[in-house]
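Chain and residue survey
Chain by chain, the residues run as shown.
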Amino acid sequence: MALRSQVGPSHCIRSKNIKCMVDCSFVSNIGNRMDASKMKGTRVSFPSLPLKATRTMQRLHLDSSGVQYKRGHRVIVAASPPTEDAVIATEPLTKEDLVAYLASGCKTKEKWRIGTEHEKFGFELKTLRPMKYEQIADLLNGIAERFDWEKILEGDNIIGLKQGKQSISLEPGGQFELSGAPLETLHQTCAEVNSHLYQVKAVAEEMGIGFLGIGFQPKWGLKDIPIMPKGRYEIMKNYMPKVGSLGLDMMFRTCTVQVNLDFSSEVDMIRKFRAGLALQPFPVCFTSQIWTDTDNNRAGMLPFVFDDSFGFEQYVDYALDVPMYFVYRKKKYIDCSGLSFRDFMSGKLSPIPGELPTLNDWENHLTTIFPEVRLKRYLEMRGADGGPWRRLCALPAFWVGILYDEVSLQNVLDITADWTQEERQMLRNKVPKSGLKTPFRDGLLRHVAEEVVKLAKDGLERRGFKESGFLNEVAEVVRTGVTPAERLLEMYHGKWGQSVDPVFEELLY
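Residues numbered from 1 in each chain as written. Predicted model: local features only at pLDDT ≥ 70, side-chain atom pairs only at ≥ 80, totals over all residues. Heavy atoms only, no water.

**Quick word on the overall build of the chain**
The helix and strand inventory of the chain stands at 19 helices and 17 strands. Looking at the chain as a whole, 62% of its 509 residues qualify as buried. As displayed, the chain has an accessible area near 19,600 Å², and 50% of this comes from carbon and sulfur atoms. (Helix = DSSP H or I, 4+ residues; strand = E, 2+ residues; numbered from the N terminus. Buried < 20%, exposed > 50% of the residue type's maximum accessible area, 1.4 Å probe, protein only. Areas by Shrake-Rupley, 256 points an atom, 1.4 Å probe, with all protein chains shown as cover.)

Right, dumping it as C-alpha cells:
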C-alpha cells in the first residue's frame, strides 16, 4: 500500500562466481551521525508510543548531536571503540526503551541532513600489494598531525581519526573509510569528500601509497590482506565462516558507499524505508552478490518492511533476533557471537551472566546488522559499491532527490506499490550479473531506471540548491545502459589483455 504522510512536524505517529570484477553501481553509498531530536529541557510527545517509551526518551536527555549527558559531561554515543560508560543501566531495558530510541531520530524537515560514507582500498604504488597495518598507522598519524585530527586508539593501536562530526575509521582489511558530517546540501557533501581525498593523498603519496575506488578487490586473496587490530573484527572473522561462504570476502575484499538520511515521523520512515528497499537494485552490483551468502540472519531485503504492521516496534523485534557479535566492557570486546540480545536484556548472556545491556550496547548491536537499508535513528542506504570520486557524489544526489522530495517519493511508492516480494528479490539477485539489461515485467530494468532518475532530478530541482548536476554520472549510465562494471570488463577482455593490474591506474583516486 502507498502511505501518504500527514503527520505533524515534531513527533512520530504510528501507521498500521563472481562475474562482476568491480562496482556496477551507477550511484555510490553516509556517515556516522547521531542527529537526534532535541529533548534536553524540552518535553517531546510521541502520542503513538507507550507512555513508558515516551518517558524513556525524556529520561535519556538526547541533544541534537545524538549525545548523551551524564554527570555534566558530554559522552559520544557509539564511539570507535565503543564507549562503555555513556549510559549507566539503573534499571533493565525494555522493548519500549528500544523502540523509543529509534523514534528519537524523528526530526522536522528543516533539520534533515545528508551524511556520506565511503570506503577505499589503500595499496603500494610500486607493488600493487595491500597496505600493512604499520603503513596505515603511519598514514593516520600523518593526517592527524598535518590536518589537526584527533586520534582514536584501541589499546596502543591507532584505529581512526575524528574531527568535528567527521571520522576516519578502518574496515577489517584496512579499507579506509570516511564517515562524513551531517550536511545540508550536496555541494557541501561533495566538498567534504574532495577535502578528505586531498588530505589522504597529500600524506599517502609521500609514502608511495595510492587508493583505489572500486567495490570489490580483484587482485588480492584473503591470505594477502592483513586484519586490522580491532577486537570486534577478530570475533567477526571467527564467526563468519560458520554462517556463510562469502562473509570473509565481504569483510576484507569489498568497499561500499552509502548515504544516511533523516525522517520526520514513523510514517515518513516507513515510506522512505520501502522506497529505499524497492530501489536498491539500481545502485547495487558486486557487493550485493557477496551479501547473498554472508549471513542471511543479518542481511537481505527485509520483506517484513512491506507488511501493514511494520514500524519501529517491528524493526526492534527483527533486530532483537539477529545474533549478536560482541559486548564491549572494560575496554575489551567479549565474544558473544551467535547469542541473543533478548537473553542479554534478561541478564542471561553466558559470557557475562547477570550483566544487563545499556543503550550503547543496543546501538553497537544495530551496527552489526547488514540489510540493504538499515534503520538507526536515521536510514542508511547501503546497496552501492565503492567507486571513483564522481560517483561518490552521485549516490547522495540520487537518494536525496527521491527521499527528500515529497512528490518524487510518492511517485516512487506508486511505481513500486505492486512489486511483489519475489520481484524485488529477483532484481537483487540478477542485477549484479545483468545490470540494467535485467528483464523486468514487459521491458528492462533500464526503462524503470530512466523514470526513477528523472524523478530524482526533478526532486533535486525542487530543493532549489542547484544540485541536479551531481546526477550526470547516473544519467549517462542510464542513457547508455552500460554499467561501470561492464565498461571495466570490456577493458579487461580488450586492451588490458585479461590483467586486472591496469584497474589500479584506471580507478586511482
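Next, the rest of the story.
**With respect to the side chain of Thr 108**
One can find Thr 108 in the loop between α2 (95-103) and β3 (114-124). A polar side-chain atom of Thr 108 sits 3.0 Å from a polar atom in the side chain of Glu 110. (Polar contact = N/O pair within 3.5 Å; in protein donor to acceptor, adjacent residues only side chain to side chain.)

**Some points on the pattern of salt bridges**
Within the structure shown, the criterion is met by 30 salt bridges. In this structure, Lys 201 engages Glu 205 in a salt bridge whose closest nitrogen and oxygen atoms are separated by 4.0 Å. Residue class for Lys 201 comes out partly exposed when judged on its relative accessible area of 31%. Taken together, the salt bridges that share partners define one network made up of Lys 95, Glu 313, Asp 317, Asp 321 and Arg 342. (Salt bridge = Lys/Arg side-chain N within 4 Å of Asp/Glu carboxyl O.)

**Points about the state of the cysteines**
The final tally for this structure, using the stated rule, is 1 disulfide. Each sulfur of the disulfide joining Cys 190 and Cys 393 lies 2.0 Å from the other. Note on the Cys 190 and Cys 393 pair: the S-S dihedral is about 85°, so by sign convention the disulfide is right-handed. Note that Cys 190 is positioned in helix α4 (residues 186-204) and Cys 393 in the loop between α12 (389-392) and α13 (394-403), a separation of 203 residues in sequence. A relative accessible area of 8% places Cys 190 in the buried class. (Disulfide = S-S within 2.5 Å.)

**Topic: the confidence of the model for the chain**
Close reading of the predicted structure is inappropriate where its pLDDT is low. Residues of the chain with pLDDT of at least 70 account for 81%, and the chain-wide mean is 85. Below a pLDDT of 50 lies the segment residues 1-81, which in the model reaches 279 contacts outside its immediate sequence neighbourhood of four places, other chains included. (pLDDT = per-residue confidence, 0-100. Contact = heavy atoms within 4.5 Å.)

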